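# Residue-level structure breakdown
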Amino acid sequence: MTIVTVFNQKGGVGKTTTALNIAAALARRGCQPVGIDLDPQAHLSAIAGATADSGDDTILSLFQRNRPLRELLRTSPTNGIDIIPAHLELSKIDTLFGKGYDVVNKLNTTLRTEKFGGDDSPVMIDCCPLVGVLSLNAIFACDCLIVPVSADHLSAKGAVQIEKTLKALEPVLKRRVNRRYLLTRFDGRRGMAWDVLKILEEKFGADVCRSRIAENVSLAESPAFNKTIFEHAPSSRGAQDYETLLDELLADGFIKAVTAPTGSARNQ
């Protein structure tokens, strides 16, 4: 089981889009991925058709009453992804529980103890764009971190701040967080997009994904239909980009999963 967290302290960079569509790409190849929504806005839950009526049926129950994660799993009716949903009540987590080590390590401990996924069941965690109890839980739990960075200068500055945050956490974690910086909303016709790519490569080197997610209308509109890009526009550039990204992550060992070859998906 590989646990992958998708996080950036800046909003609007494609965190939920990336978590959802990597999970969907894995499902198409025969895996049974699990998505964990740690964002009180619950966008991942909504797109996957796993909206909860109350916080009691969401990841909040793990923190409030140690409810087993298995009891919270919901299967998306259309794309083969199991989801542990979020709820707006998650926004109270910092106030309710503080930031002690046991609290920020809660999800990590539970995932490792329950082992509800197999070798071919990667876990994708979607985060809110804030450093707090929820995002710290996601970072503490992850085997690897994907940082989406949209192709603009403010987002590039945000990526530098993320790197500082990770380096500050590593003495506590007692390990280096394996990470990849993913350029999103990339438009090769704009000089700024290439400038941002150059900045990322200069600062982060091999930690920058070779794959890039192009600016794509289908990607932008698919959440409005509560669909992954593969359900909404399977032949689009956005779908191709996420398939290519998954190929890279698998080839580099960043995600470890047993998958069928591209094109033999179960949900095509």
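Quick notes on the rules
Residues numbered from 1 in each chain as written. Predicted model: local features only at pLDDT ≥ 70, side-chain atom pairs only at ≥ 80, totals over all residues. Heavy atoms only, no water. Helix = DSSP H or I, 4+ residues; strand = E, 2+ residues; numbered from the N terminus. Buried < 20%, exposed > 50% of the residue type's maximum accessible area, 1.4 Å probe, protein only. Contact = heavy atoms within 4.5 Å. Core = buried A, V, L, I, M, F, W, Y, C linked by side-chain atoms within 4.5 Å. Pairing = 2+ DSSP bridges.

Turning our attention to the environment of L38. Tracing the chain through its elements places L38 in strand β2 (residues 34–38). Taking the relative accessible area as the measure of exposure, L38 reaches 0% and is therefore buried. Put simply, L38 and I84 are 46 residues apart on the chain and 8.9 Å apart in space, counted from C-alpha to C-alpha. Apart from residues lying up to four places away in sequence, L38 is in contact with I59, L90, L107, I125, D126, C127, C128, L134 and A138.

A few words on the environment of I125. Topologically, I125 is positioned in strand β5 (residues 123–127). For I125, a relative accessible area of 0% translates into the label buried. Through-space distance from the C-alpha of I125 to that of L90 is 15 Å; in sequence the pair is 35 residues apart. Those residues within four positions of I125 in sequence are excluded, and the remaining contacts are I3, V4, T5, V6, I36, L38, L107, A138 and A141.

What tends to happen in soluble globular proteins is that the nonpolar side chains get buried as a cluster. Ranked by size, the top nonpolar core spans 52 residues in total, and within it I36, I59, L107, I125 and Y181 carry the most contacts. Broken down by element, the residue count for this core peaks at seven residues, all from helix α7 (residues 133–141).

Turning next to the pairing of β2. When you tally the buried positions in β2, you get five out of five residues, the bulk of the element. Burial of β2 is two-sided: the residues V34, I36 and L38 facing one way and the residues G35 and D37 facing the other way are all buried. As paired strands, β2 and strand β4 (residues 82–84) are joined by three bridges and run parallel to one another. Paired with G35 across the strands is I83, a residue of β4. In the sheet, β2 pairs with β5 via five bridges, with the strands oriented parallel. Each residue of the ladder has a partner; that of V34, found in β5, is V123.

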